[in-house]
Amino acid sequence: MPANLPPEAKAKLAKYNEARTIEEKIRALEEFLSAVPKHKGTENIRLWAKRRLAELREELEARRARRGGGGPRIFIERAGAGQIVLLGPPNSGKSSLLAALTNAKPEIAPYPFSTQKPVPGMLQYKDIQFQLVDTPPLILDQPDSPVNNRVVGLARNANAIALVVGLDDPDPGGTLRRLLDFLAERGIIVSRERGIVRIVKDRSVTGIKVEARGRMIGFTEDDLRRLLSQYRIYNAVVEIEGDVTLDDVEDAVFTTRIYKPAVIILNKADIPGAKEKAQETARKAPQDVPILVVSARTGEGLDKVGPTIFKVLGIIRVYTKQPNKEPDPDPLILEKGSTVLDAARRIHKDLARKFRYAKVWGPSAKYPGQRVGADHVLEDGDIIEVHA
Ligand SMILES: Nc1nc2c(ncn2[C@@H]2O[C@H](COP(=O)(O)OP(=O)(O)O)[C@@H](O)[C@H]2O)c(=O)[nH]1
Ligand SMILES: [Mg+2]
């Protein structure tokens, strides 16, 4: 999206960036849209602004409805160790998967649009549970329908997404690509194959801090600072992953791109010819997103769903215990790479402040009950006893 915008349009975007309320953001975007000239070079950014505007208006609407009591509830309260939203075209088997994997009883029908509202259900995995959320279908040839916007909102709010495509689709690979493009156009990226830039505006940071875990192609940190200053961004952390150009950075100024862990579920593996179609689809899919070939009808492959979700979420289970007592059976759910201090913080704020040492049993311990400091990195299945 190399925007090449006139200064007044840039100023409006800067205003949008600085806006704190939804109303201010809406106003700034409306003004931006009237300030931006209509030509090929601004097509993408106009499209972005219109979509963002539609989302913001929906958000405002939803907030008003909530205030008045009643109204449709868009978001599903998160529960369990992670919320995973099932996304896909009509009839791919999202509701059937929810019914097969969880305790929920969604409506299943051989005709499209039987699912109107998001429905949650809990999937047991070892000693934890994931919350799966069935959604109304995405209609890819009506990209900006209110239902699509609502489903995208659900996806944005989730910890991970499951893209569900039926192997009865005449072209499951093509449908998958269109789903991925649809999400990417709305700033939801599921693969790290393409570079990704994240600009986190943070007034407590002095200047622009670049955290490059990828490569900056054809630009320097000074170029980046100059670009951001045009949008009045002076205090921010810029995270870079993969190969990234200055255009990608400019994109990131207005499209808050987020990376969402994902799993691709190819459903209806029981129908004739499904296996060949699944293989062909896998070749067209991003290589860093796991693919499961399952059948909601026969149960084939469903045992892989829990472990795969656990893996893509990048989480670990850590059990806490008090001296001379048994560990708590309900684990803390922490991000992979978390330290003993992170765990202590999760147990109680004070515990982190007064931390002295911890004892660890399990995969990360050299021997049972090893005494460790605050930076000790935990692993899935560890048991810790924090001493303050
Ligand atoms: N053969 C077969 N049919 C399935 C499977 N999963 C779902 N279906 C059928 O596909 C149709 C749509 O299913 P549904 O779960 O309502 O899809 P949704 O619109 O994505 O929620 C229904 O007729 C289901 O019985 C499967 O694994 N194998
Ligand atoms: Mg359904």
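Predicted model only: the values in this text are computed from it and were never measured.

K.L.:
Describe the domain arrangement of the protein chain, and please don't skip the residues or the numbers.
P.N.:
The domain boundaries assigned to the protein chain delineate domain 1 (1-72), domain 2 (83-188 + 260-313), domain 3 (191-256) and domain 4 (315-387). For domain 2 and domain 4, the distance between their C-alpha centroids amounts to 34 Å. The interface is formed by 6 residues belonging to domain 2 together with 8 residues belonging to domain 4. Of the roughly 590 Å² buried at the junction of domain 2 and domain 4 (both faces included), carbon and sulfur atoms supply 58%. It is Asp127, Ile128 and Phe310 that lose the most area in domain 2 upon contact with domain 4, and together they represent 69% of the buried surface on that side.

K.L.:
Describe in detail the sheet that holds strand S2 (residues 119-125), supporting the description with residues and values.
P.N.:
On the basis of which strands lie adjacent, the open sheet formed by 6 strands has the order S2-S3-S1-S4-S12-S13 and mixed pairing. In the strand order of this sheet, the two ends are held by S2 and strand S13 (291-293), each with one partner. Here the average twist between neighbouring strands, direction ignored, is 25°. In this sheet, strand S4 (residues 160-166) lies alongside strand S1 (residues 83-87) in parallel orientation, the contact comprising 4 bridges. Each residue of the ladder has a partner; that of Leu86, found in S4, is Ala162. Packing against the sheet, helix H4 (residues 94-101) makes contact with S1, S2, strand S3 (128-134), S4 and strand S12 (262-267), and its axis sits at approximately 155° to S3.

K.L.:
Residue-level account of empty space enclosed by the protein, with values.
P.N.:
Scanning all chains against the criterion turns up 1 cavity of 30 Å³ or more. Its boundaries defined by the atoms lining it, the largest cavity holds a volume of some 30 Å³. As for the largest cavity, its lining consists of Gly195, Ile196, Val197, Asp248, Asp251, Ala252 and Arg257. Only strand S6 (196-201) and helix H8 (246-254) provide two or more residues apiece to the lining of the largest cavity. Counting residues per element, the lining of the largest cavity draws most heavily on H8, which supplies 3 residues. Partitioned by chemical class, the residues of the lining of the largest cavity number 3 nonpolar, 1 polar and 3 charged.

K.L.:
Tell me about the site of ligand 1, residues and numbers included.
P.N.:
Lining the immediate surroundings of ligand 1 are 17 residues, of which Asn91, Gly93, Lys94, Ser96 and Asp270 lie closest. Asn267 is positioned such that a nitrogen or oxygen atom in its side chain is 3.1 Å from a nitrogen atom of ligand 1. Taking Ser295, its side chain carries an N or O atom lying 3.2 Å from an oxygen atom of ligand 1. For ligand 1, whose accessible area on its own is 580 Å², the fraction buried by protein is 89%. For the shell around ligand 1, the element with the most residues is H4, which contributes 3 residues.

Calculation criteria
Residues numbered from 1 in each chain as written. Chains lettered and ligands numbered in written order. Predicted model: local features only at pLDDT ≥ 70, side-chain atom pairs only at ≥ 80, totals over all residues. Heavy atoms only, no water. Domains from an automatic or database assignment. Contact = heavy atoms within 4.5 Å. Buried area = accessible area lost by both parts, 1.4 Å probe. Pairing = 2+ DSSP bridges. Helix = DSSP H or I, 4+ residues; strand = E, 2+ residues; numbered from the N terminus. Axes fitted to C-alpha atoms, helices over the stretch in contact; angles between N-to-C directions. 1 Å grid on protein atoms, 1.4 Å probe; cavity = no way out; pocket = protein on both sides within 12 Å on 5 of 7 lines; lining within 4 Å. Points joined across faces, edges and corners; volume = space filled by probe spheres on them. Nonpolar A, V, L, I, M, F, W, Y, C, P; charged D, E, K, R; others polar. Near = heavy atom within 4 Å. Polar contact = N/O pair within 3.5 Å; in protein donor to acceptor, adjacent residues only side chain to side chain. Areas by Shrake-Rupley, 256 points an atom, 1.4 Å probe, with all protein chains shown as cover.

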